[in-house]
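Here is what each chain is made of, one letter per residue.
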Amino acid sequence: VQLVESGGGLVQAGGSLRLSCAASGITFSINAMGWYRQAPGKQRELVAVIISGGGTTNYADSVKGRFTISRDNAKLTMYLQMNSLKPEDTAVYYCNVRGRDYDGPKSYTSWGQGTQVTVSS
């Protein structure tokens, strides 16, 4: 499984960025795809997740109303549109995929390499 993130960078507070995560080599049924972030000295935290099937989305309280997660199933690509960015959004953002064997109980979780988002005040 390969997850390749892109779209990070340096932006001023109030600006926008769009992250992408392109997935390849997936041989299992995807249960959910999500974005996590880790700021220096802090634990990795969930930012947003989109559940397969119904497309239910969940967001961290800190990003609700500013970030939007979406997924293009045909391209196996996930996006995170980030608006009204704040300095506290500065972190490395990671793409995550969770799934399960089509015909068995084995579960999988894969991570991308991360993309840096820096928001200046």
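Criteria and thresholds
Residues numbered from 1 in each chain as written. Predicted model: local features only at pLDDT ≥ 70, side-chain atom pairs only at ≥ 80, totals over all residues. Heavy atoms only, no water. Salt bridge = Lys/Arg side-chain N within 4 Å of Asp/Glu carboxyl O. Helix = DSSP H or I, 4+ residues; strand = E, 2+ residues; numbered from the N terminus. Buried < 20%, exposed > 50% of the residue type's maximum accessible area, 1.4 Å probe, protein only.

Trainee: Even after reading the chapter, I still don't get the pattern of salt bridges, so can you show me in this structure?
Mentor: Oppositely charged side chains are able to pair whenever their charged atoms sit close together. Applying the stated criterion across every chain yields a total of four salt bridges. The partner of Asp89 in a salt bridge is Arg37, with the nearest N and O atoms 3.0 Å apart. Here Asp89 is found in the loop between strand S8 (77–82) and strand S9 (91–100), whereas its partner Arg37 is found in strand S4 (residues 29–38), with 52 residues between them in sequence. Its relative accessible area of 1% is what places Asp89 among the buried residues. Between Arg66 and Asp89 there is a salt bridge, with its nearest N and O atoms 2.8 Å apart. In this pair, Arg66 is assigned in the loop between strand S6 (57–59) and strand S7 (67–72) and Asp89 in the loop between S8 and S9, connecting sequence segments 23 residues apart. Take Arg66 and Asp89: they sit in the same class, and that class is buried. Residues joined by salt bridges that share partners form a network here, namely Arg37, Glu45, Arg66 and Asp89.

Nothing here speaks to function; it is geometry throughout.
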